[in-house]
Amino acid sequence: MASVPENMVDIHQYLDQHQHKELLRFITCGSVDDGKSTLIGRLLYESAFIYEDQLASLKTDSKKMGTQGDDIDFALLVDGLAAEREQGITIDVAYRFFSTDKRKFIVADTPGHEQYTRNMATGASTADVAVVLVDARHGIMTQTKRHSMIVRLLGVNRVILAINKMDLMDYSKTVYDGIVGDYAAFANGQGIDFVAIPLAALKGENILRRGDSLSWYDGPTLMGYLETVPLPVNRRDHAFSMPVQWVNRPDLNFRGFTGQITTGTIAVGDSIRVLPAGTQTRVESIVTFDGHLDRAICGQSITITVADDVDMSRGDIMVGEGHAVVVGQRCKATLLWMSESALVPGKLYWFKTRAKLVLGRIQAPDHLINVNTGATMMGSVMQVNDIGDCVCEWDQPIPMEPYTSNAPLGSFIVIDRDTNNTVGMGLVRSISGQGEWASRHVKERHRHWSQGRVSVTHRVKRNRHKPIMVVLTGIVPRDRYAAVGTAIEEALFQDDIQAYRYGFQFMRQADATESSIGALRQDMFRQLFDIGYAFMDAGMVFITAIRGLTVSECHELKTIVDPFDIIIVDLDGTNGMLQTVCNADVVSADEALPHIQRQLRH
Amino acid sequence: MSQSSLIHTSPSSLTHLAQLEADSIHIFREVVAETDNPVMLYSIGKDSSVLLHIARKAFYPAPLPFPLMHIDTTWKFKEMIAFRDHIAADYGLNMIVYTNPDGLERQIGPFTHGSAVHTDVMKTQALKQALDKYQFDAAFGGARRDEEKSRAKERIFSFRSAQHRWDPKNQRPELWSIYNTKKNPGESIRVFPLSNWTELDIWQYIYLEKIPIVPLYLAKPRPVVRKNGMLIMVDDDRMPLSDTDVVETLSVRFRTLGCYPLTGAIVSEATTLPAIIHEMLLTKTSERQGRLIDSDGGASMEIKKQEGYF
Ligand SMILES: Nc1nc2c(ncn2[C@@H]2O[C@H](COP(=O)(O)OP(=O)(O)OP(=O)(O)O)[C@@H](O)[C@H]2O)c(=O)[nH]1
Ligand SMILES: [Mg+2]
């Protein structure tokens, strides 16, 4: 424990020092029964963070339910739930607080059982450093690797490999070296940087004080390392970003946008952009209860008023110059699945980001990660505790950044709509900007294009109708697309319209199992849209079918066939979103023909 | 209105307290943005004082967008009630005071019915009744993880069933600071914005931010009697005194506040906040030791929480 001042003069100095001490958040993790809770209990005990009344009840509890005969079972200090004490295991993460003269610490003691991996992830998501425990008798286990992988995924770059229960292996350096070697073989492939420390948690060796029996080890003690390990870099030096959390509008004279700054700094007068809209404005004032501020930094919760009357609401993100936030509707993300019911590709889930709640779908995983080897492996089903890379898609464009460059804006949770449970966590790898490839493709096409002397305008005059693209969508049996499409083609033909139904139908599998389905699909879309564009450039009506057209595909379609018009025929009545979100022209199957005819002569 | 705060001392990084405050503000705003009918449970103690102070910061310049609610067991210290009414008037708060009418009728009290029955009827049952009556779907509380071993396990957003029960073995994962506030029918959320604050943080924050607290926290000569090894203050004449009870006037203060017959005082000369903090740093017992209700059985707090105790 931090030394306590003797007199009153020192108390102010002590408080001042206490306030300015750095805070380190760490977790203990690793396989079942490796001694994580014992380690934390012992550490709290030795650093005098246990009060006398707590120690007294610890002693009684140890006799009653402990594993240590008449000695103290230190794990009982942290295993605070009745079920944990009865079973002698950790079920959920415990948060404990202590400080030394040098630093303050928040430690999360996490459970080793695979069944409770989601609770381990809960602890790890807010940690700076991870202590991965290993039982010297058993060496590296699958859980050791799974936890290491989760820790690495979450961007915890400092790992301490604590090789525990050395007392049970005669404090053998050979045993220790063997385990360090095994772990290094795994960790190097994963890009995990670690230091190793031999320990006997139960006996308090190498926690605060050095173990006499471990004289061959000359590295730091666990506490020695925790007190000096560099803290992760502050996100202050990034460009400014802040999700709008709540609009503060007490009366007509005040409209403030509240939020906690996720990266960078902001000052009065700075120009900012509001995403996803892209509107530009200026910071007029930074309002807090404690007075107006000239500037505010990453981590602060503030209220901003802006110079213009811009449209901004919860979930929008304010960004400053030089920001790397991308507005997109689709991303590639690494997912950790946390529910007993497997991920259902294509099912609607809630996604909650730091900024807002949106609806979306997850495609079948591109691949899963084998936690034992770290290698990627094929797999189309994501079960509980699986880690894998998936494409996620939302019903609206949202501003995001890859997790590695801006963790708060690159993370999300997945919520099941039936149970309301948090069933997955996601880390954004890359974001496909809205129709990004589509606009690239249009530019490319333009570069290679040679325009003839007969233009679309001439053809419209000759045909006496506009070219239009008709897309049949919805999720209905295959022959229904053909039936509706054929009927429209025929009717238009009778009406002297140059109409052509393209027989190729894009029938995506609802339960796509193909691994690189994303890239493949994009290829097929490009071809389909290009053919449509060519037909319309030739002055014709082009009819096609795309099963389950998504909002982002609709955006891409619009970009690629621009300036031509599109009419979407909604075969199952579930595609209103295409109208509200993409501003597309959506009609039901019944209204389709008269609507198309009207538009053609328009 | 606004005075400059002492906790934001550096232009380039946040102090520990400034960071804790900012995170708590984020939690307050998240609840207000995502729930329909939140309430703040106000116990009049030091943690509630900090909670209220941070809530006012979170929504400034708007008034608090939710009411406060005090569950009055009718056995609180007189000075607590006076303080509550004064704060409510001073800050213009919407303060709901609720007492279990059934318990009132049956004249439940700690001296006549014992601490367990009293706490269950006047506190736990009363709270459930009040939450049902007003249909609150989220309730802020000032609990901290460093208080007690089952609290150390609780999420910041902690769900309660329609029967107000906590299921500690089945808590939702809580990742980063992304909070899932989706509730099943009948469920409600208890939200603890001070989860990661320690007792020292609370006192230091009160000191630096000049937050008003009930004077009972500071030492003063007060009339006390010894009961079950605790010093109980004679706050009113409902206290049964036998011939062997000696009322002494001692300089005492309280580390936590609750119902006066159940709250032990400590002998102290600490009349200022720095003096309190100093004593706290030297003390060898936890703050919960002064509470009768926590000490009956190893998992007692967890069981009470499961039954709906805050
Ligand atoms: N001999 C010896 N036993 C130890 C040591 N550390 C822990 N143990 C024992 O190992 C057993 C498991 O310890 P815990 O601390 O509960 O293990 P854990 O890793 O927290 O377990 P889970 O949280 O359930 O995964 C207990 O019986 C401990 O007393 C040690 O250094 N030496
Ligand atoms: Mg454990």
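Bringing the domain arrangement of chain B into the picture now. Interfaces are frequently sized by the accessible area removed from exposure as the parts join. Residues and elements named next belong to chain B. Taken domain by domain, chain B comprises domain 1 (12-205 + 299-307) and domain 2 (212-295). Between the C-alpha centres of domain 1 and domain 2 the distance comes to 23 Å. Listed as interface residues are 30 residues of domain 1 and, on the opposing side, 32 residues of domain 2. Where domain 1 abuts domain 2, roughly 3000 Å² becomes buried across the two surfaces, and 65% of that area is made up of carbon and sulfur atoms. For the domain 1 face of the interface with domain 2, the top three residues by lost area are Phe-77, Phe-111 and Trp-203, together amounting to 27%. Salt-bridge contacts for Glu-199 lead to Arg-255; the nearest nitrogen and oxygen are separated by 3.2 Å. Counting the contacts that link domain 1 with domain 2 gives six residue pairs in polar contact (both at pLDDT 80 or more). Among the elements of the structure, helix 2 (46-59), helix 3 (78-91), helix 5 (110-134), helix 6 (199-209) and helix 8 (300-306) are those that each provide at least two residues to the side of domain 1 that touches domain 2. If one sorts the elements of the side of domain 1 that touches domain 2 by residue count, helix 3 sits on top with six residues. The residue inventory of the side of domain 1 that touches domain 2, partitioned by class, reads 12 nonpolar, nine polar and nine charged.

Going through the model one piece at a time under the given rule, you end up with 34 aromatic pairs over all chains. Judged by centre distance (5.7 Å) and plane angle (80 degrees), the ring pair of Trp449(A) and Tyr533(A) falls under edge-to-face. Taken as a pair, Trp449(A) in the loop between helix 9 (436-447) and helix 10 (456-463) and Tyr533(A) in helix 12 (residues 517-537) lie far apart in primary sequence, 84 residues in all. Ring plane angle 40 degrees and centroid distance 5.3 Å describe the contact between Phe535(A) and Phe542(A), whose orientation is recorded as tilted. Using a relative accessible area of 22% as the deciding quantity, one classes Phe535(A) as partly exposed. With relative accessibility at 0%, the residue Phe542(A) sits in the buried group. Cluster of aromatic residues (ring-pair linked, three or more members): Trp246(A), Phe28(B), Phe59(B), Phe66(B) and Phe140(B). Sitting over the ring of Tyr533(A), Arg445(A) keeps its end group 3.6 Å from the ring centre. Across the ring face of Trp350(A), the terminal group of Lys182(B) is positioned such that the distance to the ring centre comes to 4.1 Å.

Residue and element names in this part refer to chain B. Scored by pLDDT, chain B comes out at a mean of 89, with 89% of its residues at no less than 70. Within chain B, no element has a lower average pLDDT than helix 8, which sits at 70, and none a higher one than strand 1 (residues 38-41), at 98. In the predicted complex, the global pTM is 0.83; the interface-specific ipTM is 0.90.

We now examine the interface of chain B and chain A. Contacts between the two partners involve 81 residues from chain B and, on the opposite side, 86 residues from chain A. Taken over both partners, the interface formed by chain B and chain A buries close to 7000 Å², and the fraction arising from carbon and sulfur atoms is 58%. It is Arg29(B), Lys153(B) and Trp176(B) in chain B that bury the most area against chain A; as a group they hold 13% of the surface buried on that side. Seen at the junction of chain B and chain A, the total is seven salt bridges. Run the count over chain B and chain A and you get 37 residue pairs in polar contact (both at pLDDT 80 or more).

Calculation notes
Residues numbered from 1 in each chain as written. Chains lettered and ligands numbered in written order. Predicted model: local features only at pLDDT ≥ 70, side-chain atom pairs only at ≥ 80, totals over all residues. Heavy atoms only, no water. Domains from an automatic or database assignment. Contact = heavy atoms within 4.5 Å. Buried area = accessible area lost by both parts, 1.4 Å probe. Salt bridge = Lys/Arg side-chain N within 4 Å of Asp/Glu carboxyl O. Polar contact = N/O pair within 3.5 Å; in protein donor to acceptor, adjacent residues only side chain to side chain. Helix = DSSP H or I, 4+ residues; strand = E, 2+ residues; numbered from the N terminus. Nonpolar A, V, L, I, M, F, W, Y, C, P; charged D, E, K, R; others polar. Phe/Tyr/Trp six-rings, centres within 6.5 Å; stacked < 30°, edge-to-face > 60°. Buried < 20%, exposed > 50% of the residue type's maximum accessible area, 1.4 Å probe, protein only. Lys NZ or Arg CZ within 6 Å of the ring centre and 35° of its normal. pLDDT = per-residue confidence, 0-100.

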